[in-house]
Amino acid sequence: MLKKHFISVTVFMAVLAVLSTISSRAGAQERAPIYQAITIKSAITPPVASYILKSINDAVKDGADGLIIYLDTPGGLDLAMRDIVKGILNAPLPVIVYVHPSGGRSASAGMIITIAAHVAAMAPGTNIGAAHPVAIGAGGKMDKTMADKVVNDAVAYVRGIAKKMGRNQDWAEKAVRKSISAPAEEALRLKVIDYVATDVNDLLRQMHQREVTIHTGKKTLNTKGAVVTEKTMGFRDKVLTAITDPNIAYILLLIGLAGLYFEFSNPGAIVPGVVGGISLLLALFALQALAVNYVGIILILFAIVLFIAEIKVVSHGILTIGGVISLLLGSLMLFDTPDPSIKVSFEVLIPAVLITTLFFVVMIALGLKAQTRKNQTGKEAMIGAEGETLTEIFSDGRILFRGEYWRAYSDTLIEKGKKVRIVEVNRMKLKVEEVK
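Predicted model only: the values in this text are computed from it and were never measured.

Enquirer: I keep staring at the overall build of the protein and nothing clicks. Help me out?
Expert: Each helix and strand counted, the protein has 15 helices and 16 strands in total. For the protein, the proportion of its 436 residues judged to be buried stands at 44%. Summed over its atoms, the accessible surface of the protein is roughly 23,500 Å², and 62% of this surface lies on carbon and sulfur atoms.

Enquirer: What am I meant to see in the nonpolar core here?
Expert: As a rule of thumb, nonpolar side chains are buried together in soluble globular proteins. Counting residues in hydrophobic clusters, the biggest one holds 86 residues, and the most contacted among them are Ile 40, Ile 44, Val 85, Met 111 and Tyr 250. Element by element, the count of residues in this core is highest for helix H10 (residues 246–265), at eight residues. Aside from chain neighbours lying at most four places away, what touches Met 111 is Ser 106, Ile 128, Gly 129, Ala 131, Val 158, Trp 171, Ala 172, Ala 175 and Val 176. By size, the runner-up hydrophobic cluster in this structure holds 19 residues, among which are Ala 121, Ala 123, Tyr 195 and Ile 214.

Enquirer: Just to check I follow, could you spell out the packing of aromatic side chains for this structure?
Expert: Here the distance between the centres and the angle between the planes together describe a pair of aromatic rings. This model, assessed by the stated rule, comprises one aromatic pair. Summarising the aromatic geometry, the rings of Tyr 70 and Tyr 98 are spaced 6.0 Å apart at their centres and angled 50° between planes, so their arrangement reads as tilted. In this pair, Tyr 70 sits in strand S2 (residues 66–71) while Tyr 98 sits in strand S3 (residues 95–99), placing the two residues 28 residues apart along the sequence. Residue classification places Tyr 70 among the buried positions, given a relative accessible area of 7%. Judged by relative accessible area, Tyr 98 falls into the buried class, the value being 0%. Residue placement shows Arg 82 over the ring face of Tyr 157; its charged tip is 4.1 Å from the ring centre.

Enquirer: Honestly, the pairing of strand S9 (residues 211–214) in this entry has me stumped. Any pointers?
Expert: The side chains of a regular strand alternate between both faces of the sheet. Side chains Val 212 and Ile 214 of S9 all project onto a buried face; the interleaved residues Glu 211 and Thr 213 project onto a face where none is buried. Examined bridge by bridge, S9 and strand S10 (residues 217–220) share four bridges and lie antiparallel to one another. Its bridge partner lying in S10, Glu 211 is registered against Thr 220.

Enquirer: Is there a simple way to explain helix H13 (residues 318–334) in this structure?
Expert: Working note: α-helix, 3.6 residues per turn, so residues spaced by three or four point in the same direction. Between its first and last C-alpha atoms H13 spans 24 Å; for 17 residues at 1.5 Å apiece the expected length is 24 Å, and the two agree. All of the buried residues along H13 are Leu 319, Thr 320, Gly 323, Ser 326, Leu 327, Gly 330, Ser 331 and Leu 334. Buried residues of H13, seen end-on, are gathered within an arc of 130° and therefore sit on one face of the element. Opposite the buried face of H13, by more than 90 degrees, sit the exposed residues Ile 318 and Ile 321.

Enquirer: Looking at this structure, how should I read the side chain of Ser 106?
Expert: Relative to the assigned elements, Ser 106 resides in strand S4 (residues 105–107). You can call Ser 106 buried: its relative accessible area is 0%. Separated by 3.3 Å, the side chain of Ser 106 and the backbone nitrogen of Met 111 make a polar contact. At 2.7 Å, the side chain of Ser 106 and the side chain of Thr 114 are in polar contact. Setting aside anything within four residues of it in sequence, one finds Ser 106 in contact with Leu 71, Thr 73, Val 99, Met 111, Thr 114, Asn 127, Ile 128 and Gly 129.

Enquirer: Any chance you could explain the sheet that holds strand S13 (residues 398–401) here in plain terms?
Expert: As a general point, the strands of a sheet are linked pairwise by backbone hydrogen bonds and lie either parallel or antiparallel. As summarised here, the arrangement of the five strands in space is S12-S13-S14-S16-S15, forming a closed barrel in which the pairing is mixed. Direction aside, the axes of adjacent strands within the sheet are offset by 55° on average. As paired strands, S13 and strand S14 (residues 404–409) are joined by four bridges and run antiparallel to one another. Pairing of Leu 400 across the sheet is with Tyr 405, part of S14.

Enquirer: Sorry if this is basic, but what is going on with the pairing of strand S12 (residues 386–389) here?
Expert: Judged from the three bridges that link them, S12 and strand S15 (residues 419–426) form a sheet pairing that is antiparallel. Considered in S15, the bridge of Glu 388 is made with Lys 419. Sheet analysis places S12 next to S13, joined by two bridges and oriented antiparallel. Residue pairing in the sheet places Thr 389 in a bridge with Ile 399 of S13.

Enquirer: Help me out: how do you make sense of helix H3 (residues 78–89) in this one?
Expert: Taking 1.5 Å per residue as the helical rise, H3 with its twelve residues ought to reach 16 Å, and the 16 Å between its terminal C-alpha atoms agrees with that figure. Every buried residue of H3 is listed here: Ala 80, Met 81, Arg 82, Ile 84, Val 85, Gly 87, Ile 88 and Leu 89. Tucked inside the fold, the buried residues of H3 contact helix H2 (46–61), S3, helix H4 (109–116) and helix H5 (144–164).

Enquirer: Help me understand the sheet that holds strand S6 (residues 127–129) in this model?
Expert: Pairing is mixed across the open sheet formed by three strands, whose spatial order is S4-S6-S7. What marks the edges here is a single partner per strand, and that holds for S4 and strand S7 (181–183). Neighbouring strand axes in the sheet, compared pairwise and without regard to direction, differ in orientation by 15° on average. Bridging between S4 and S6 involves three bridges; their strand directions are parallel. Bridging across to S6, Ser 106 finds its partner in Ile 128. Each of S4 and S6 touches H4; the most contacted strand, S4, lies at about 105° to it.

Conventions and cut-offs
Residues numbered from 1 in each chain as written. Predicted model: local features only at pLDDT ≥ 70, side-chain atom pairs only at ≥ 80, totals over all residues. Heavy atoms only, no water. Helix = DSSP H or I, 4+ residues; strand = E, 2+ residues; numbered from the N terminus. Buried < 20%, exposed > 50% of the residue type's maximum accessible area, 1.4 Å probe, protein only. Areas by Shrake-Rupley, 256 points an atom, 1.4 Å probe, with all protein chains shown as cover. Core = buried A, V, L, I, M, F, W, Y, C linked by side-chain atoms within 4.5 Å. Contact = heavy atoms within 4.5 Å. Phe/Tyr/Trp six-rings, centres within 6.5 Å; stacked < 30°, edge-to-face > 60°. Lys NZ or Arg CZ within 6 Å of the ring centre and 35° of its normal. Pairing = 2+ DSSP bridges. Expected span 1.5 Å × (residues − 1). Arc of directions from axis to C-beta. Polar contact = N/O pair within 3.5 Å; in protein donor to acceptor, adjacent residues only side chain to side chain. Axes fitted to C-alpha atoms, helices over the stretch in contact; angles between N-to-C directions.

As structure tokens, then:
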């Protein structure tokens, strides 16, 4: 009997194992490929690089079949771009860069990121290229020797990436040396990219069964019936990306300086000091993430010193004019580079300088007005004020002043009921004169 039970249990377990295996295989066959997607629509900065690298790691942890990067960028910082490229080339899953939407671009640093992708695609109406390196710092210029070194380094770097990914090395070199650009269709013809796709579904359809080489070896892409999961930036990444925009960083710097100036001028106001301190710290974080010209920062700080000095020193507006000039020059030099993606736009700079100047001029005017305003309390406030005699006034008498009775005297006789003006306060007795 025990033997029969043992055989029955064994058969049952074997059947259960077979059914479980069949079910697992069926489930595996039914599982649709999953591609996570992120959107980059800003300059390439350290926070953007950090977000892309984090997204690659998250896609690997989630078991995704690949990561799609929707890219629309004017370019950005070289070091941030190189971090992204290293992350893509060493990723254990395929990374697809899709220049999107129509009207977008992948310029400068974005071009190198695109050709480093395992699959590079563009939407119709987009363009790629213009990757000539630019100088950052005082004057935004380099001598010829240094410029040649930088360009040659960039050329070697981009040719190596293009060769590794099987893309047009000569065109990539021209994009660096001569800043050439190409629309989507021409980039496809020149083998700079792999596909021109109207949307992500068209892209997935075209790249089905494509073989790519990732860090771990060759991989055949399965995109049939693929599900694209859109991932959005978290609050932290959004804040860091926003404040490293040169325009936002510049505005935060001005707000921070204005807030601290107001707090120091009016101790105890608290709110301006808190807002100014937070803004200044955020601005300093952004400035260290961006490559800035520190002469520009010094000029802006010097402008604030001149504005404050205007209150203390009678310069008849000379210090204010110097402060405005220093603020304008510092603002122009802060991000002194030909690359528009990492400099303050004139649409932001001019209004910001005007508003900041107006703020300090108003504050200076109020400060000067407060210093020259007549005292409202004490003996000084009584001089020149008027009252009315209650008795005759000569060596002694009484007057009514602001609802109070005061003893008073005068150099001449003043009759009762006359208007008088206080000319001197002698302890608790007032010297007055008749108002004619």
